[in-house]
Amino acid sequence: MAQISMEQKPVPKRKKDNLAVRFAKQWDIQLMVLPALALIFVFSYIPMYGILMAFQDYNIFKGMAESPWAGLKHFRMFFEAPEFANVMRNTIVISLLKFFIGFPAPILLALMLNEVRHMFFKRMVQTVSYLPHFLSWVIVSGFVISMLSTDNGSVNILLTNLNLVEEPINFLSIPEYFWAILVTTGVWKEIGFSSIVYLAAVAGVDPHMYEAADMDGASKFRQIFTITLPSIMPVVIIFMILSIGNLLSAGFEDILLLAKNPVLREVSDVIDTYVYRIGIENSRFSYATAVGLFKAVISVMLLTIANLIARRSGNSLW
Amino acid sequence: MVRLGFGDRVMMVVIYIFLTLLAFVTFYPFWNALVVSLNTGADTAMGGVTFWPRSFTLENYEIVFQDKRLLNGFAISVARTVVGTFCSILVTSIFAYGMTKRELIGRKYYMIMCIITMYFGGGLIPSFMLIRSLGLMDSFWVYIIPTLVSVWNMIIFRTFFQGLPAGLEESAKIDGSGNWGIFFRIILPLSGPVIATLSLFTAVGHWNEWFLPSIYISKNELLPIQTILNQILNSNIMSEQMSNLDSASQAVLSRMQSVTTKSLSMATMIVATIPIIMVYPFVQKHFVKGVLIGSLKE
């Protein structure tokens, strides 16, 4: 123990043990990290090596070492595929919709909750709205399917009772409604839970600022925009950067589970579900890997750009 | 207390109405699923069952609890959640403690190796190929091993450990404890809150995961309840759904003509949700803290 802490200090230049000896001396702490790093290597880095499949004509029987190289063939195939335009449009539109609706929604909720003075009411809304975050997408999709079903789904019961529709609408088989259903479900599931960080940020605002604003006669409404929002801006920006990196992740589980009706494919097929369908279901491994890589590269680029912009404003992640 | 102006009073009314609506819209699907699951299927099919069961019955649950496949799925889910969470938290916290050591040779490179995986990965297909070549397909361990180490949790643990007073470790060292001894006797007992929070999130992740089993597991007896539930929800036609049940339940079913796809699906959904609902009130205060730990140290 003592030697280790001696080596920490750079000043007394004692004879320095070579790396192997120093490594052997700290075998106990290396033993803490190396097994975990080995797992990370196997389950994260070997798949990264597996990406090379995208540039091969992968053959299951030959394996990666023997399969012939194919250059950029699979990427070219994707760009020329008849599905390409549709998949890209859906990916971009759905992720933008989720970003522009799903990102501000929890901020709005946090601002509203912050104005509530009845603690019981506030806690009840919080408890209820956090809950869906903890449910699996299977359950949530089950709720959505049951609420919207023509077989006495509550939404159709409501609409018929209000005389808004004649016949129950089969919402999950009409392409026009799909994006709205998907985005609403996503907001429903995450709005409460995502609001936690913003609520904490709001709670950290100096109360003296509100007192001063009260003195000056500013309305509560005005204080939200002149005090609360500017105060939580740093948090908002960090989370915005994070979600920009995810812009091409339009969704996977939610789309897989809500768009079971093949009629919806033209509006529901995004990069991730496309990769799943052609890769796992059709076993076109090389092609699917190429499509996945295309997405991953763009995502990393988006994140880097977003971070560069944020660094200008002094809110960098790195 | 400053008196609210007219505009502010309007705003407060709007806020209260909105929040009440939000709470209702969030709660109602649960409630309705519960109500439908406690109502006879035939009666539900007549329409109008919303807030309260009209023709109360437990027969939907009887079928669910007679179905060996569902019970087995439930057991698999419990097993993977308990074993997976325990192992993952243990391995990840030991890893994190090692990473707090300044003298650790290669610490910087280890950290870079971890962080890269947070931004870039091999993707679905290469991971699928890996699992297949490791022989983890159709094995219970596919639930446990690939998720043993979570980089995200490691960083949260590390931040927490670094915040513990350094004097504790020093005095234990003087008493002659090694690093492993310090970790198990001093660090872990002091880490209750962070262990509780991260265990909760890990456990919820395990309980809710349904997709990977659907591609990695083909043996029915290894499927977790969420994946089975998805298969049940998928089969729209009653006969198809009934064929998913085993013979014991089908015998019960033939006595109960009034059970429908919908009532059965809802009962299964409630059964799959109950564990979450039951632990939820106890852990609510923990996860709020946990989210904040996680977001402070990005």
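Residues numbered from 1 in each chain as written. Chains lettered and ligands numbered in written order. Predicted model: local features only at pLDDT ≥ 70, side-chain atom pairs only at ≥ 80, totals over all residues. Heavy atoms only, no water.

**Structural notes on the UniProt feature "transmembrane region" (unreviewed entry) in chain A**
Residue and element names in this part refer to chain A.
Next up, step 1: Under the UniProt annotation, the feature "transmembrane region" (unreviewed entry) is placed at residues 31-55, 92-113, 134-157, 177-203, 224-248 and 285-310.
Next up, step 2: Taken end to end, residues 92-113 comprises 95% helix and 0% strand; its first and last C-alpha atoms sit 32 Å apart.
Next up, step 3: Secondary structure across residues 134-157 divides into 67% helix and 0% strand, with the first and last C-alpha atoms of the span separated by 28 Å. (UniProt positions renumbered as here; feature names shortened; annotations may be inferred. Helix = DSSP H or I, 4+ residues; strand = E, 2+ residues; numbered from the N terminus.)

**Some thoughts on the nonpolar core**
Next up, step 1: Ranked by internal contacts, the top residues of the largest apolar core, which has 158 residues, are Leu19(B) and Phe95(B).
Next up, step 2: The biggest single contributor to this core is helix H11 (residues 175-203) of chain A, with twelve residues.
Next up, step 3: Ignoring sequence-local partners within four residues, the contact set of Phe95(B) consists of Met32(A), Val33(A), Ala36(A), Leu37(A), Ile40(A), Cys114(B), Val149(B) and Met154(B).
Next up, step 4: Grouped together as the second largest cluster of nonpolar side chains are five residues, Ile51(A), Ala54(A), Ala290(A) and Leu293(A) included. (Core = buried A, V, L, I, M, F, W, Y, C linked by side-chain atoms within 4.5 Å. Buried < 20%, exposed > 50% of the residue type's maximum accessible area, 1.4 Å probe, protein only. Contact = heavy atoms within 4.5 Å.)

**Remarks on helix H9 (residues 179-190) of chain B**
Since the α-helix turns once every 3.6 residues, residues separated by three or four places project in the same direction.
Next up, step 1: Taking 1.5 Å per residue, twelve residues should reach 16 Å; H9(B) reaches 15 Å between its end C-alpha atoms and fits that length.
Next up, step 2: Turning to H9(B), its buried residues number three or more, namely Asn179(B), Gly181(B), Ile182(B), Phe183(B), Ile187(B) and Leu188(B).
Next up, step 3: Contact partners of the buried residues in H9(B): helix H3 (27-50) of chain A together with helix H4 (68-99), helix H7 (151-163), helix H8 (166-174) and helix H10 (192-208) of chain B. (Expected span 1.5 Å × (residues − 1).)

**Looking at the interface of chain B and chain A**
Next up, step 1: Contacts between the two partners involve 94 residues from chain B and, on the opposite side, 95 residues from chain A.
Next up, step 2: For the chain B and chain A pair, buried surface summed over both sides reaches about 8,200 Å², with 79% attributable to carbon and sulfur atoms.
Next up, step 3: The largest share of the area that chain B buries against chain A comes from Ile105(B), Phe120(B) and Ile125(B), three residues that together contribute 8% of it.
Next up, step 4: There are zero salt bridges connecting chain B and chain A.
Next up, step 5: At the boundary of chain B and chain A, one finds 20 residue pairs in polar contact (both at pLDDT 80 or more).
Next up, step 6: At 18 residues, helix H1 (residues 6-37) of chain B tops the list of elements feeding residues into the side of chain B that touches chain A.
Next up, step 7: Of the residues assigned to the side of chain B that touches chain A, the class counts are 66 nonpolar, 20 polar and eight charged. (Buried area = accessible area lost by both parts, 1.4 Å probe. Salt bridge = Lys/Arg side-chain N within 4 Å of Asp/Glu carboxyl O. Polar contact = N/O pair within 3.5 Å; in protein donor to acceptor, adjacent residues only side chain to side chain. Nonpolar A, V, L, I, M, F, W, Y, C, P; charged D, E, K, R; others polar.)

**Re the packing of aromatic side chains**
The description of two aromatic rings rests on the distance between their centres and on the angle between their planes.
Residue and element names in this part refer to chain B.
Next up, step 1: Under the defined criterion, the tally for this structure stands at 43 aromatic pairs over all chains.
Next up, step 2: Consider the rings of Phe 157 and Phe 161, whose centres lie 5.6 Å apart with planes at 25 degrees: the pair is stacked. Taken together, the positions of Phe 157 and Phe 161, both in helix H7 and four residues apart, correspond to about one turn of that helix. Phe 161 matches Phe 157 in its accessibility class, with the two residues each being buried. (Phe/Tyr/Trp six-rings, centres within 6.5 Å; stacked < 30°, edge-to-face > 60°.)

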